[in-house]
Structure formats: C-alpha cells, structure tokens
Amino acid sequence: MAVRSKFDNRPIGIFDSGLGGLTVVAALRRRLPGESIIYLGDTARVPYGDKSVEAIIRFAREDVAFMRSRGVKMIVAACNTVSAVAMDALRSDHLAEPLLGVIDSGVRATVAAGARRIAVIGTRATVNSDAYRRGIHAADCSIKVESIPCPLLVPLVEEGIVDGPLVEMVLDRYLSHLKSAPPEALLLGCTHYPLLKEAVVRYFDGRTRVIDSACACASAVADFLCEHQMAAQADNCAVHGYFVTDMPAAFGRHAARFLGEVPERVEQILLG
Ligand code: DGL
C-alpha cells in the first residue's frame, strides 16, 4: 500500500497586481523559511483596485492559470481586491490546488483585536465589495465598521513613497474625519499598505491599533499547510521565483524594500 508522504516540497504560488503581495511573501518567509515560493506580480496592469469586477476576475483567472502552470501546491491571492471580488468566480473553476485569499484571515485578526469601532482602508473595489464589513459583522454585528477607499495609496507604494509630506497629505485626504476620535483599530485591507503602517500609526499619534493583513494571511497559510500535511520538510532548501508582466528591473529594485534583499532574478512573462 502506498504511504502518503507527510511533506510537500512543491512551491506555494502567491500573486498580486504588483509589489503588494510581497508583504505576504516576506511574512511567510520569516514564518516558514523552508517553503519555496513562486511570486507573480501583474505589473503591466497594476492597480487592480480601480478596475471593473469583470476585468479583475479575468486578470485573476490568468494569474491563477500561470500559477498552475508552475506546478504549485497551493495558490494564495495575496491581493485584497482579488480576494474581495473574484474569489467566488475562481472557486467555481474547481481548481485542483487549494486557493486562499486574504479577507478571511484579515477578518479573523480584526475581530480578535477586540475593538468595538473599526476602520478598514482598501482599494475602491475592495471597499465597494463590502467584503470586510460583511465578514466582521458575520462574526459580531455589534462592531462599528467604517470602510474607506484610499485609491492613491497603491500608486504611492509602487513609486516607493512610503513616508513624508506627500503620504501625510494623502492620508489626511482620506482619514482626516477620524483624526480627532480615531477608531480603536484600523485594518490595512490592501497588501500594499503594510509599507505605510508606520506612517498611519504616526498620523494617528499611536492612538489606533493598526492591523496588518499580510501577517494574518501568512499565519493562515502556515496553519493550512500544517493541517493538511502539506508543509515542506524542515530542512528543505527553499527556492524562490519572481515573475512579473512588465518592468522586471524596476520590480527587482523596489522588491528589496519588501523582502530586505534584491531578488536574484525577476522574469518577465506574458499572461492570457
Ligand atoms: N495589493 C492589492 C490589494 O491588496 C492590489 C492593489 C491594487 O492593485 O489596486 O488590494
């Protein structure tokens, strides 16, 4: 009788519209150093957050098809926009690989924070989907949730601008109404935003607890692999591959801010 191996050294596939999902990669690499990762940033079409639902679903399907072509053991949509808008469509495709998004883990981390008044910031598409409010209210409908679209934040992060007067001005444009009475917790509902965490904490003078959805997602991936006996062997020599749909050199340079190192190689691919 064949004995099923309790380990799986195949890579985890992680994708986002651009650099943002690297916050999940960084958190995952810290947590599970033995896991190999294939990362795809759809840099030719970033940002997703301002596109139509139909376009986001089409892009997400192409991202997933690429991941599958690389023989990954599971796929992580490290993109709140895709997770909020396209997950049902992706699930209806009956993929052989398990698929995880970031909304459920973000909701769990937010509810666990125990705050009664919460602000969620995200892309326009994520906020329009109402996915976070619905998720939080499914757990506890007495929590007050305000969702705020912040479309200018993704381009700032993609440009490498994560602090200074420009960031303050943009934060002020979206969040000034909360300044005098900050929410008890604020969820960064976009994987690009953890790079702005310090700026957000400073903006509220440390008076709100800022929740990072990237860390919450990395924990969910680790738990899933462990539960399903799909984790790589502890001594597995992890290999990481980075793929983009445009501007690989610029991606490599900016990626260092997320990963703490410049990826050895970034390959450009064509989707669809
Ligand atoms: N980082 C993504 C998210 O979490 C996508 C941002 C965008 O492309 O607009 O929503």
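Per-chain numbering applies: the sequence of each chain, read as written, is numbered from 1 onward. In view of the model being predicted, local features appear only for residues whose pLDDT reaches at least 70, and side-chain atom pairs are presented and counted only at 80 or more, with totals across whole chains, interfaces and linings using the full set of residues. Each side-chain value is derived from all of the structure's non-hydrogen atoms; neither hydrogens nor water enter the calculation.

Caption draft 1: Up close: the overall build of the protein chain. Looking only at helices and strands, the protein chain features 12 helices and 10 strands. Principal axes of the C-alpha set define a box for the protein chain whose edges measure 65 × 40 × 35 Å. Burial classification: accessible surface area is computed with a 1.4 Å probe over protein chains only, and a residue below 20% of its type maximum counts as buried, one above 50% as exposed, and the rest as partly exposed. Looking at the protein chain as a whole, 56% of its 272 residues are labelled buried. A fraction of 78% describes how many contacts in the protein chain between residues 6 or more apart in sequence connect residues 24 or more apart. Note on areas: these come from Shrake-Rupley sampling with a 1.4 Å probe, and a residue is covered only by the protein chains present in the view. As presented, the protein chain carries roughly 12300 Å² of accessible surface, and 53% of it is formed by carbon and sulfur atoms. Here a helix means four or more residues in a row that DSSP labels H or I, a strand means two or more in a row labelled E, and each is numbered from the N terminus. Here, two residues are considered to be in contact whenever any of their heavy atoms come within 4.5 Å of each other.

Caption draft 2: Representation of the site of the ligand within the structure. Surrounding the ligand, one finds 14 residues, the nearest of these being Ser 17, Tyr 48, Asn 80, Thr 81 and His 192. Here an oxygen atom of the ligand and a backbone polar atom of Gly 49 are 2.8 Å apart. Pairing of N or O atoms within 3.5 Å defines a polar contact, subject to two protein rules: one partner must be a possible hydrogen donor and the other a possible acceptor, and residues neighboring in sequence count only if both atoms are side-chain atoms. One nitrogen or oxygen atom from the main chain of Asn 80 is found 2.7 Å from an oxygen atom belonging to the ligand. Taking 300 Å² as the accessible area of the ligand by itself, protein coverage stands at 99%. Throughout, the ten residues Ala, Val, Leu, Ile, Met, Phe, Trp, Tyr, Cys and Pro are labelled nonpolar, Asp, Glu, Lys and Arg are labelled charged, and all others, Gly among them, are labelled polar. Residue composition of the shell around the ligand, by class: six nonpolar, seven polar and one charged. Nearness is judged by heavy atoms alone; a residue qualifies as near a molecule or strand once a single heavy atom is within 4 Å of it.

Caption draft 3: Just the sheet that holds strand S8 (residues 209–212), in detail. Strand pairing requires that DSSP identify at least two bridges connecting the strands. Across the sheet, which stays open at both edges, the four strands sit in the order S6-S5-S7-S8 with parallel pairing between neighbours. Each edge of the open sheet is held by one strand with a lone partner, namely strand S6 (144–149) and S8. Across this sheet, the average inter-strand angle for adjacent strands is 20°, counted without regard to direction. For strand S5 (residues 117–122) and S6, the ladder comprises six bridges, and the chain directions are parallel. When the sheet's bridge partners are listed, Gly 122 is paired in S6 with Pro 149. Note on geometry: axes are C-alpha line fits, over the in-contact stretch for helices, and angles between N-to-C directions span 0 to 180 degrees.

Caption draft 4: Structural detail: the packing of aromatic side chains. Think of it this way: a Phe, Tyr or Trp ring, Trp meaning its six-membered ring, pairs with another when their centres are within 6.5 Å, and the plane angle makes it stacked under 30 degrees, edge-to-face over 60, tilted otherwise. Under the counting rule described, the total for this entry stands at five aromatic pairs. With a centroid separation of 5.2 Å and an interplanar angle of 45°, the aromatic rings of Tyr 48 and Phe 59 are classed as tilted. Taken as a pair, Tyr 48 in the loop between strand S2 (37–41) and helix H2 (53–69) and Phe 59 in helix H2 lie far apart in primary sequence, 11 residues in all. Neither Tyr 48 nor Phe 59 differs from the other in exposure class; each is buried. We count a charge as sitting over a ring when the NZ of a lysine or the CZ of an arginine lies within 6 Å of the ring centre and within 35 degrees of the ring normal. One cation-aromatic arrangement involves Lys 179 over Tyr 203; the distance from NZ or CZ to the ring centre is 4.0 Å.

Caption draft 5: Local environment of the sheet that holds strand S3 (residues 74–77). Taken together, the six strands give an open sheet; going across it, the order is S4-S3-S1-S2-S9-S10, and neighbouring strands pair in parallel fashion. This sheet does not close on itself; its edge strands, each paired only once, are strand S4 (99–100) and strand S10 (266–268). Bridge count between strand S1 (residues 12–16) and S2: five bridges; the pairing is parallel. Across the sheet, Phe 15 pairs through a bridge with Leu 40, a residue of S2.

Caption draft 6: Quick peek at the side chain of Asn 80. Relative to the helices and strands, Asn 80 resides in helix H3 (residues 80–85). Contacts of Asn 80, omitting those with residues within four sequence positions, involve Val 102, Ile 103, Thr 126, Tyr 132, Gly 189, Cys 190, Thr 191 and Ser 213.

Caption draft 7: View of the environment of Gly 49. Here Gly 49 is to be found in the loop between S2 and H2. Sequence-distant contacts of Gly 49, defined by excluding residues within four places in its chain, comprise Thr 81, Thr 123, Arg 124 and Ala 125.

Caption draft 8: Region of interest: the pattern of salt bridges. Note on definitions: salt bridges are taken to be side-chain nitrogens of Lys or Arg within 4 Å of carboxyl oxygens of Asp or Glu. Here the structure, examined in full by the defined rule, presents 11 salt bridges. With its nearest N and O atoms 2.9 Å apart, the salt bridge here joins Glu 62 to Arg 45. Of this pair, Glu 62 sits in helix H2 while Arg 45 sits in the loop between S2 and H2, placing them 17 residues apart in sequence. Of the charged contacts, one joins Arg 265 and Glu 267 as a salt bridge, the two residues approaching to 3.2 Å between their closest N and O atoms. Note on Arg 265: relative accessible area 59%, which makes it exposed. Through salt bridges with shared partners, one network takes in Asp 42, Arg 45 and Glu 62.

Caption draft 9: The arrangement of unusual backbone geometry in detail. Omega for the bond connecting Val 46 with Pro 47 falls within 30 degrees of zero, at 0°, which places this linkage in the cis form. Looking at the element boundaries, Pro 47 is found in the loop between S2 and H2. Positive phi, close to 50°, is recorded for His 94, a residue that is not glycine. Even without a glycine there, the phi angle at Asp 130 is positive, about 65°. Here Asp 130 lies in the loop between helix H6 (124–129) and helix H7 (131–139). For Asp 130, a relative accessible area of 23% translates into the label partly exposed.

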